[in-house]
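Coordinate analysis (summary)
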Amino acid sequence: MKTKNVMIVGVGGQGSLLASKLLGKLLLTKGYDIKVSEVHGMSQRGGSVVTYVRFGEKVYSPIIDKGEADFIISFELLEAARYTEYLKKGGKIITNTQQINPMPVITGAAEYPENLEEKIRLKGIDLIAFDALKLAEEAGSSKAVNIVLMGMLSKFFDFTEDEWLNAIETSVPAKFLDLNKKAFDLGAKA
Amino acid sequence: MKKLMLGNEAVARGLYEGGCSFVSSYPGTPSTEITEYAAKYDEIYAEWAPNEKVAMESAFGAALSGKRSFCGMKHVGLNVAADPLFTISYTGVNAGFVIGVADDPGMHSSQNEQDSRHYAKASKIPMLEPSDSSEALEMTKLAFELSEKFDTPVLIKMCTRVAHSQSIVEPSDRVEVQKSYEKTPEKYIMMPGNAKKRHPVVEDRTLALVEYAETAEINRSENGKDNSIGFITSSTSYQYVKEVFGDKYSVLKLGMIYPMPEKLIKDFAESVDRVVVVEELDGFIEEHCNNLGLKVEGKEIFSLLDELSQNIVADKFGVTTEKGIVLGENIPNRPPVMCAGCPHRGLFYTLAKNKLTVMGDIGCYTLGAVPPLAAIDTTICMGASISGLHGFNKANNGENDGKTVAVIGDSTFMHSGMTGLVNIAYNSSNSTVIILDNSITGMTGHQQNPTTGYNLKGDPASKINLEALCKAVGINRVRVVDPYNLAECETVIKEELSAEEPSVVISRRPCALLKYVKHNKPLVVDSTKCKSCKMCMKIGCPAISIKNGIADIDNTLCTGCGVCSQLCKFDALKAQED
């Protein structure tokens, strides 16, 4: 099997590390070789953050390069647009439509581009854009955006719902389990 | 059972399995998690030291006493610990002593891109370089064995992509090691007469290590099908070469980066038509090959700057890669920013408003340099704010006095700010130092330090009294301000700048991300009062933006700190009652 590449992008503080942790646990139970590359330190402070998840028979590089991602999971619309160059031909972008203004936009030095969804689609990119924040809030917490997005991603993987739920159980605190299960379900049905 | 582990967690696992019982470190990205994970094992005593030099000396003391020990740091931390490093190379160890150093090519979270491999060569200490988590675990255990076998400290060199990548490891059981201490003055007292006798021991040891390197399993030659090219590589660069070429070409993978083998490399070079060295940053392996008289290619192909990747390697050899789709849209940058509710914000606003020259330091508050605050003039290294300010003021006969300050965090002040403050007091420059006391080491992800009252394990610990400390070194004027109170900040800073003697202002409020910090309700905008003057935008808070012409507060981010409302002349930003 050729190595599969999932890139998770977002804004520091949105919880992308939990999403990669969950994916890693799931893939480990399926017997794949895996590499997950994270970002710690300064860029976490509200900056653009990227996590790479790679799995297959034998994975060498810990990072995903331009033109290599099978999936880009984005927690924020502008971040989805920023990383389109990393998508491979036939790859898919799944993005939360939430918009978070970066500092240059807040200060007026730059503008948040308009109609990004349309512009991405016009490039022939397969894009799923939906309000994951609304679904997360419906599940009980705005912090569950990561699990809502994993729910959406699950539609494109051949893993059973039980396998996903087991991975969620081992990744989140017990008291938030029901909330996260609901978030996953809402994402999977969106 | 197989587990997915972060490279740093795997080093910690290697410490556990290798019988390590003492860890002393100072946090620094990308090395911090080694010590945090080590602290989770009951069998390992682990602590945060005030700086890397103290950490290394403490860990050396533990090894001397007969316990296997470790200290970890980022690349620039090794500069701080370089003093003991060069001399414990002479003394050698008793029980095994391993030093972890994590480089940051690409400077994801660092102020320079130094290549720590040079330290191994300069201090004549062996260095191992893992390329994934499994190797990180195994090499850490091996490092203890080599340390004891060759009577030397051993360096484990990580880099961001190995330290912060998870890959699969197979954990095993712990071995217990206990040695006894015997007084050996000629080995451990490095005065000239003894040190002169230890230096040849070091040189002989290096020769023995070269011999070891010739057949060590961690230096392995992987035969390819095509001998037109052979790659010599290590660390994450090895992974990029294998990603692009698989088993096509022969690869000599060096797990021990200092000292390097001679015969093994020469034999490898003879077996292929063309030798290419693939390594990040400096041409360290390449230089060794050149010294062996081999004709190799390296830095004429690959840059001295930044990280490598599979596409960079592919491009250099004409292997086509898919070019992704560029959106062609102007995508605004998203630089890191101070968090909403960050206590540093109000303080930096005050400094920017008064147009002060600000000597900065290393920590979250370096982000005070980012527009719109743009309140910092320099950032060099840990502690440089205070000592730099002293020189800046002292050299100009009072011309700069009253217009300059140093800003330094609580953890950085304990690390290496104190000595600078002693210099200000002792050599009397009229300088004002601001200690940004947010009660935690913030940037590296909330580590305890001597000012917080807790230790690495989370237990209560002795808490340094910063006011008393500053007074004890000879600073008479020490004031404490709440950075959420802009009027107070400005008054106190102006008073201290106009005083005719050195002073310290402690800007005290805990980091807004600390779990015990209670946030107020988000502020609300009174749209009838907002005149769109954008004064509230001057503090660079990510929770505030202008929507439809008036201020807008992001409820998910705002902590209700109220700094913005103090700037609003029209009373449009209101606190909500609890």
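This text follows the structure it describes.
Report on the accompanying structure. Here the structure is a predicted model, which means the values were calculated and not measured.

Through backbone hydrogen bonds, the strands of a sheet pair up, either in parallel or in antiparallel fashion. Here we have eight strands laid out as an open sheet, ordered β6(A)-β5(A)-β4(A)-β1(A)-β3(A)-β2(A)-β8(B)-β1(B), and mixed in their pairing. In the strand order of this sheet, the two ends are held by β6 (126-130) of chain A together with β1 (3-6) of chain B, each with one partner. For this sheet, the mean inter-axis angle between neighbouring strands, taken without regard to orientation, is 20°. Summarising the sheet, strand β2 (residues 33-37) of chain A and strand β3 (residues 48-56) of chain A pair through five bridges and their orientation is antiparallel. Within β3(A), the residue paired with Lys35(A) across the bridge is Arg54(A). Helix-sheet contacts for helix α1 (residues 7-17) of chain B involve β1 and β8 (165-169) of chain B, and the interaxial angle to β1(B) is about 105°.

With 56 residues of chain A at the interface, the matching set in chain B holds 56 residues. Of the roughly 4,800 Å² buried between chain A and chain B, counting both surfaces, carbon and sulfur atoms make up 59%. Between the two partners, chain A and chain B, sit four salt bridges. With a closest N to O distance of 2.9 Å, Glu243(B) and Arg54(A) form a salt bridge. Connecting chain A to chain B are 22 residue pairs in polar contact (both at pLDDT 80 or more). Broken down by secondary-structure element, the contributors of at least two residues to the side of chain A that touches chain B are α1 (16-29), β2, β3, α2 (77-82), β5 (87-96), α3 (103-106) and α4 (116-122) of chain A. At five residues, the largest contribution of residues to the side of chain A that touches chain B is made by β2(A). Two strands pair when backbone bridges link them, and β2(A) and β8(B) are joined in this way by three bridges, in the antiparallel orientation. Bridging across to β8(B), Val36(A) finds its partner in Gln166(B).

Under the counting rule described, the total for this entry stands at six cavities of 30 Å³ or more. Taken as a whole, the largest cavity encloses approximately 120 Å³ of empty space. Along the walls of the largest cavity sit 15 residues, with Arg45(A), Cys339(B), Cys342(B), Cys364(B) and Cys511(B) positioned nearest its centre. Within the lining of the largest cavity, the residues separate by chemical class into ten nonpolar, four polar and one charged.

Reading the values: rules and limits
Residues numbered from 1 in each chain as written. Chains lettered and ligands numbered in written order. Predicted model: local features only at pLDDT ≥ 70, side-chain atom pairs only at ≥ 80, totals over all residues. Heavy atoms only, no water. Pairing = 2+ DSSP bridges. Helix = DSSP H or I, 4+ residues; strand = E, 2+ residues; numbered from the N terminus. Axes fitted to C-alpha atoms, helices over the stretch in contact; angles between N-to-C directions. Contact = heavy atoms within 4.5 Å. Buried area = accessible area lost by both parts, 1.4 Å probe. Salt bridge = Lys/Arg side-chain N within 4 Å of Asp/Glu carboxyl O. Polar contact = N/O pair within 3.5 Å; in protein donor to acceptor, adjacent residues only side chain to side chain. 1 Å grid on protein atoms, 1.4 Å probe; cavity = no way out; pocket = protein on both sides within 12 Å on 5 of 7 lines; lining within 4 Å. Points joined across faces, edges and corners; volume = space filled by probe spheres on them. Nonpolar A, V, L, I, M, F, W, Y, C, P; charged D, E, K, R; others polar.

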